[in-house]
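Chain by chain, the residues run as shown.
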Amino acid sequence: MSDTTVPAPLVKVSPTTPTPEGAHFGFRFAVWENLVVTGAWPESGFVGAAYIFDSDDWSQVARLEAPIEGGYFGTGVGIWEDIVVVGRVELNFWRNPGNGSAVVFKRGANGYDQIAVLRASDGVPAALFGTDVGVYQNLAAVGAPMDTNEDGEVSGAVYLYRDW
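Remember, it's a predicted structure, so these values are computed and weren't measured experimentally.

A.B. asks: I'd love a proper account of the overall build of the chain, names of residues and values included.
C.D. replies: Each helix and strand in the chain was counted, giving 0 helices and 11 strands. When burial is assessed residue by residue, the chain has 41% of its 164 residues classed as buried. Long-range pairs, those at least 24 residues apart, make up 40% of the contacts in the chain between residues at least 6 apart in sequence. Put simply, the chain shows about 9,200 Å² of open surface, and 52% of that area lies on carbon and sulfur atoms.

Set out below in structure tokens:
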């Protein structure tokens, strides 16, 4: 007979700043050493944000905001050492096809600073570029699950960037 006891979670983490109802806080997350990063989209005016927590005391370390409005910032998040990458899917991709982006932040003495904005090289409309992201050392991967192939069929794609 198996034990059906479910262990209690270590902690339940929530942002220190209030998020609006339906913000999808925790939809995607990434972990590196003692840091946890998660997105919250759509948050304020359908812009979104990303939150970084320190697992030593579960305090909120930072709240990263989108550099431009009009997208679901925080749909994908990745972290490696002092680099955080946050995906941003275009808000009106069905009416105003945008390409989305992935924003790269680097931790400095005064918090996290934006150092790059990654975009698709071919600009396929409605590809949902930025849906998810990943980062390892100096390599970033950005997903575009609705990207099309040479025949115009939806096949999806992953864009890779190095040394931004």
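A.B. asks: Could you give an account of the packing of aromatic side chains, naming the residues involved and the relevant values?
C.D. replies: Here the structure, examined in full by the defined rule, presents 6 aromatic pairs. Between phenylalanine 25 and tyrosine 51 the ring centres are 5.5 Å apart and the planes differ by 70 degrees, which places this aromatic pair in the edge-to-face class. Taken together, the residues phenylalanine 25 in the segment before strand E1 (29-32) and tyrosine 51 in strand E3 (residues 49-54) connect sequence positions 26 residues apart. Classification of phenylalanine 25 as partly exposed rests on a relative accessible area of 25%. Aromatic pair phenylalanine 73 and phenylalanine 105: ring centres 6.3 Å apart, planes at 75 degrees, arrangement edge-to-face. Residue phenylalanine 73 is found in strand E5 (residues 71-80), and its partner phenylalanine 105 is found in strand E7 (residues 101-108); the two are separated by 32 residues along the sequence. In this structure, phenylalanine 73 and phenylalanine 105 share a single accessibility class: buried.

A.B. asks: Which residues make up the nonpolar core, and what are the values?
C.D. replies: Counting residues in each nonpolar core, the largest one holds 18 residues, and the members touching the most others are Val37, Ile52, Leu64, Val84, Val86, Phe105 and Tyr112. Secondary structure elements with two or more residues in this core: E1, strand E2 (35-40), E3, strand E4 (59-65), E5, strand E6 (83-90) and E7. In terms of residue count, E5 provides more of this core than any other element does, 3 residues in total. Every residue in contact with valine 86, bar those within four places of it in the chain, is listed here: Ala50, Leu64, Phe73, Gly74, Gly76, Val77, Ser101, Ala102, Val103 and Phe105. Counting residues in hydrophobic clusters, the runner-up holds 17 residues, among them Ile83, Leu118, Phe129 and Tyr161.

A.B. asks: Describe the pattern of salt bridges, naming the residues involved and giving the relevant values.
C.D. replies: All told, the structure shown has 2 salt bridges when counted by the stated rule. With a closest N to O distance of 3.4 Å, aspartate 132 and arginine 28 form a salt bridge. In this pair, aspartate 132 is assigned in the loop between strand E8 (111-118) and strand E9 (133-136) and arginine 28 in the segment before E1, connecting sequence segments 104 residues apart. Relative accessible area serves as the criterion here: at 32%, aspartate 132 is assigned to the partly exposed category. When its relative accessible area of 24% is taken as the criterion, arginine 28 is described as partly exposed. Note that arginine 63 is salt-bridged to glutamate 65, the shortest N-O span being 2.4 Å.

Cut-off values and rules
Residues numbered from 1 in each chain as written. Predicted model: local features only at pLDDT ≥ 70, side-chain atom pairs only at ≥ 80, totals over all residues. Heavy atoms only, no water. Helix = DSSP H or I, 4+ residues; strand = E, 2+ residues; numbered from the N terminus. Buried < 20%, exposed > 50% of the residue type's maximum accessible area, 1.4 Å probe, protein only. Contact = heavy atoms within 4.5 Å. Areas by Shrake-Rupley, 256 points an atom, 1.4 Å probe, with all protein chains shown as cover. Phe/Tyr/Trp six-rings, centres within 6.5 Å; stacked < 30°, edge-to-face > 60°. Core = buried A, V, L, I, M, F, W, Y, C linked by side-chain atoms within 4.5 Å. Salt bridge = Lys/Arg side-chain N within 4 Å of Asp/Glu carboxyl O.

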